[in-house]
Amino acid sequence: EYKQGGYHPVSIGDVYNERYRVVRKLGYGRFSTVWLCKDAITKRKVALKISKSDENYTATAEDEIKLLDAISRVDKSDPRRDKVVQLLESFSHTGVHGQHVCLVFEPLTCNLLKLIERSNYQGLEIDKVRTIMRQVLQGLDFLHTKCKIIHTDIKPENILVKMVKGKISKVKIADLGNACWTHHHFADAIQTKEYRSPEVLVGLEYGTGADIWSTACMAFEVAMGGYLFEPVEAPNHSSEADHLAKITRMLGPILPEVYKEGAHWDEFFNEEGKLLHDSNINPRSWPLMMELLRKQWNRVDVEQFCAFLEPMLEIDQDNRGTAAQCLQEDWLLHPPVARPAPVVAATSAAAAEEEKAAAGYGAPALVA
Ligand code: ADP
Ligand code: MG
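Rules of the game
- All residue numbers here refer to positions counted from 1 along the written sequence of the relevant chain.
- Naming scheme: in the order in which they are written, chains are lettered from A and ligands are numbered from 1.
- Local features in a predicted model are, by the rule used here, given only for residues with pLDDT of at least 70; side-chain atom pairs are given and counted only at 80 or more, and totals for whole chains, interfaces and linings are based on all residues.
- Segments assigned H or I by DSSP are reported as helices when at least four residues long, segments assigned E as strands when at least two residues long, and all are numbered from the N terminus.
- In this setup the radius of gyration rests on C-alpha atoms only. A globule is expected at 2.2 Å times the number of residues raised to 0.38.
- Partly exposed residues are those whose C-beta has more than 12 but fewer than 20 other C-beta atoms within 10 Å; with 20 or more the residue is buried, with 12 or fewer it is exposed, and the C-beta atoms are placed from the backbone.
- Placing the C-beta atom from the backbone, one calls a residue near a molecule or strand if that atom lies within 6 Å of it.
- Gly counts as polar in this scheme, as do all residues outside two lists: the nonpolar Ala, Val, Leu, Ile, Met, Phe, Trp, Tyr, Cys and Pro, and the charged Asp, Glu, Lys and Arg.
- A fitted line through C-alpha atoms serves as each axis, taken over the contacting stretch for helices, and the angle formed by two N-to-C directions is quoted from 0 to 180°.
- Throughout, the term roughly parallel applies to angles under 35 degrees, roughly antiparallel to angles over 145, roughly perpendicular to angles from 65 to 115, and oblique to all others.
- Left-handed describes a crossing whose near helix is turned anticlockwise from the far helix through less than a right angle; right-handed describes the clockwise counterpart.
- Once C-beta atoms have been placed from the backbone, residue pairs whose C-beta atoms lie within 7 Å are recorded as contacts.
- The span expected for a helix works out to 1.5 Å for each residue beyond the first.
- Here the rule is simple: two strands pair whenever DSSP picks up at least two bridges between them.
- Put simply, a nonpolar core is buried Ala, Val, Leu, Ile, Met, Phe, Trp, Tyr and Cys residues tied into one set by C-beta atoms within 7 Å.
- UniProt positions are given in the numbering used here, feature names are shortened, and annotations may be inferred rather than shown by experiment.

A.B. asks: Just checking my understanding: could you explain the overall build of the protein for this structure?
C.D. replies: For the protein, the helix and strand inventory stands at 13 helices and eleven strands. Taken over the C-alpha trace, the protein has a radius of gyration of 22 Å; the compact-globule value for 368 residues is 21 Å, and the two agree within 12%. If one aligns the C-alpha atoms of the protein with their principal axes, the spans along those axes are about 70 × 60 × 40 Å. In the protein, which comprises 368 residues, the proportion classed as buried is 38%.

Following this line, the structure appears as C-alpha cells:
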C-alpha cells in the first residue's frame, strides 16, 4: 500500500516539519503509519501519525483533527480527558505519493492487541482487565457526555497503553479517525465487524450506545483472549446474518418491536421476526456466563464480570448502560479480595504482605 494515494514511505532518521526525527515504527492502521520521533525543539519523544494521501483519507484525517481540536477545547479541568489521546500539532507533508496529513501525539507503548498477543491469546489477568476497562469507560464517558462524540471504532488496536516496568501506567482511547458527533454522523456503516452493534447490523440510527457495545466485546476479548462474537460467512448466509444468530443465541431475540424499522431488517428476518437463515435458533441457548466459566477465575470474579458486561450488551440500545453507569458496577467498585491468605503462612511476613496488598486492592472487600 506504499503507492500513489497510499502510505508515505518513511525511513528511520527522516525529519518531518523540520523537527521530528524518526526513531522507529510504532504501528499502522487502515489509514496511516505511526512513528516514534524525537522532537528537536522540546527534546521529547512524540508519535507521528502519517495518513495515506488519497483524498478520502485526507478528508478523514481532517475530520480527525477537527474532532481532536474540539476535544482539546472541552472542560480542561476534567481529569477524564487524559483518557483520550491529545493532539499536539498537525501539519501537511508532501511526499512522492502526494500530500499526507500528519498528526503529532504523546507516544504510548503499544496497543491492547499487542497485550492480547503476548498473553498467547489466553487473555490478561483480571486485575489488568479491570484497570484497562475503568480507564476506557472514563474516556468514553468524557467523549459521550462532555464532547458529544461517538468514537465508532472501539477495539483493541485503538486503545493504547503506556507500560512502565511491565506494569500498565496509562490507558488511552486513540484513533478518532472514524469518530463523529452525536448529532452529526458521517457514515451509516460504522465499527469493525466483530465489534459491530445490533442496531448498526440491522440499520437503525445509532448513538453513543454503539461504543458501549464495542467496549463490552473488547472487555470480553481482553479477558478471554478471543472474540466475543466472530461472525463468519457461509454459502447460505452472510457474515451479518451469522452475527445476528450468534447474538441471539447468547443474549436473546432481536425484537421486531425495536428493530423492524431498521433499513436491513428484511434482509435478515421474516414476518414473525425469526432469522431467515436459521428460524429454529434457540435464544439464550449459549449464555454469556457459559463462556466466562471457561476461565479458571473465582466465582465472584465470574459473576461480577458477567454482571458488568450484561448491561453493555443490552440488545436494545435505549436500555443499554451508559459509560457512567458501567463505572458504577461492582466489578469496578467492589472487586473481591485478591485471594484468601494461605493458611499455613498465616503468621509469616508473607501473609502480612498479602494482607497489605489486599487492603490496597480496592474498595470494601467482598469474600471470595
Ligand atoms: P489508523 O487510523 O490508521 O487505524 P491509529 O491511530 O489507530 O491509525 O494508529 C495505528 C496504530 O499505531 C495503533 O494501533 C497503534 O499500534 C499505533 N499508535 C497510534 N498512536 C500511537 C501513539 N500515540 N503511541 C504509540 N503507538 C501509537
Ligand atoms: Mg486504528
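A.B. asks: Would you mind going over the site of ligand 1 with me for this structure?
C.D. replies: Of all residues adjacent to ligand 1, which total 21 residues, the nearest are Gly 27, Gly 29, Phe 31, Ala 47 and Asp 175. Looking at the shell around ligand 1, the elements that each hand over two or more residues are strand E2 (20-28), strand E3 (32-39) and strand E4 (45-51). With three residues, the single largest contributor to the shell around ligand 1 is E2. Looking at the shell around ligand 1, its residues break down into eleven nonpolar, six polar and four charged.

A.B. asks: Explain the packing of helix H3 (residues 126-146) against helix H5 (residues 209-224) here, please?
C.D. replies: When two helices pack together, their arrangement is given by the angle between the helix axes and the distance between those axes. At a minimum axis separation of 10 Å, H3 and H5 run at an interaxial angle of 165°. Accordingly, the angle class assigned to the pair H3 and H5 is roughly antiparallel. Considering only the axes of H3 and H5, their crossing is right-handed. Contact with H3, carried on its side by Ile 126, Val 129, Ile 132, Met 133, Val 136, Leu 137 and Leu 140, involves Asp 211, Thr 215, Ala 219, Val 222 and Ala 223 of H5 and no other residues of that element. In terms of residue class, the contact of H3 with H5 is built from ten nonpolar, one polar and one charged.

A.B. asks: Hey, could you run me through H5 in this one?
C.D. replies: Owing to its 3.6 residues per turn, the α-helix brings residues three or four apart onto one side. Spanning 16 residues, H5 covers 23 Å between terminal C-alpha atoms, matching the ideal 22 Å at 1.5 Å per step. Burial analysis of H5 places 16 of its 16 residues in the buried class, which makes it a mostly covered element. After H5 finishes, the residue Gly 225 shows a positive phi value of roughly 90°.

A.B. asks: Sorry, what's going on with the sheet that holds E2 here?
C.D. replies: Pairing between the strands of a sheet is mediated by backbone hydrogen bonds and can be parallel or antiparallel. On the basis of which strands lie adjacent, the open sheet formed by six strands has the order E1-E2-E3-E4-E6-E5 and antiparallel pairing. Whereas interior strands pair on both sides, the edge strands pair on one side only; in this sheet they are strand E1 (15-16) and strand E5 (87-95). Most of the contacts of helix H1 (residues 55-73) go to strand E6 (residues 98-105), to which it runs at about 25°, and overall it touches E4, E5 and E6.

A.B. asks: Hey, could you run me through the sheet that holds strand E10 (residues 167-173) in this one?
C.D. replies: Across the sheet, three strands lie side by side as E7-E9-E10; this open sheet has antiparallel pairing. A strand with exactly one partner marks an edge of an open sheet, and here the two such strands are strand E7 (110-111) and E10. When E7 meets strand E9 (residues 159-164), the two strands line up antiparallel, connected through two bridges. When the bridges of E9 are listed, Asn 111 appears paired with Leu 160.

A.B. asks: Looking at this structure, I do not really get the nonpolar core. What am I missing?
C.D. replies: A general tendency of soluble globular proteins is for nonpolar side chains to be buried together. With 84 residues, the main nonpolar core has Leu 48, Ala 216, Ala 219, Val 222 and Ala 223 as its most contacted residues. With eleven residues, H5 is the largest single contributor of residues to this core. Among all residues touching Ala 216, those that are not within four sequence positions of it are Leu 309, Met 312 and Leu 313.

A.B. asks: How should I be thinking about the UniProt feature "binding site: ATP" (unreviewed entry) in the protein in this particular structure?
C.D. replies: Mapped onto this structure's residue numbering, the UniProt feature "binding site: ATP" (unreviewed entry) falls at Lys 49. Here Lys 49 is to be found in strand E4. The residues contacting Lys 49, other than those within four sequence positions of it, are Ser 32, Val 34, Cys 102, Leu 103 and Phe 105.

A.B. asks: Sorry, what's going on with the pairing of E6 here?
C.D. replies: Walk down a regular strand and you will see the side chains alternate between the two sheet faces. Among the eight residues that make up E6, six are buried, leaving the element largely enclosed by the rest of the structure. Of the strand pairs in this sheet, E4 and E6 are connected by four bridges, and their pairing is antiparallel. Directly across from Ile 50, in E6, lies its bridge partner Cys 102. Across eight bridges, E5 lies against E6 in antiparallel orientation. Note that in E6 the partner of Ser 92 across the bridge is Val 101.

A.B. asks: Quick question: what am I supposed to make of the environment of Gln 191 here?
C.D. replies: Counting through the fold element by element, Gln 191 comes out in the loop between strand E11 (180-181) and helix H4 (198-202). Through-space distance from the C-alpha of Gln 191 to that of Asp 211 is 8.6 Å; in sequence the pair is 20 residues apart.

A.B. asks: Looking at this model, I keep getting lost on the UniProt feature "domain: Protein kinase" (unreviewed entry) in the protein. Mind explaining?
C.D. replies: The positions UniProt marks with the feature "domain: Protein kinase" (unreviewed entry) are residues 20-332. Across residues 20-332 one finds 36% helix and 19% strand; the C-alpha atoms that close the span lie 40 Å apart.

A.B. asks: Can you help me understand unusual backbone geometry in this one?
C.D. replies: Most peptide bonds are trans, and most residues other than glycine sit at a negative phi. Notably, Lys 148 is not glycine yet its phi reads approximately 60°, a positive angle. Mapped onto the fold, Lys 148 is located in the loop between H3 and strand E8 (149-150). For Lys 148, a count of 15 C-beta atoms within 10 Å puts it in the partly exposed group.

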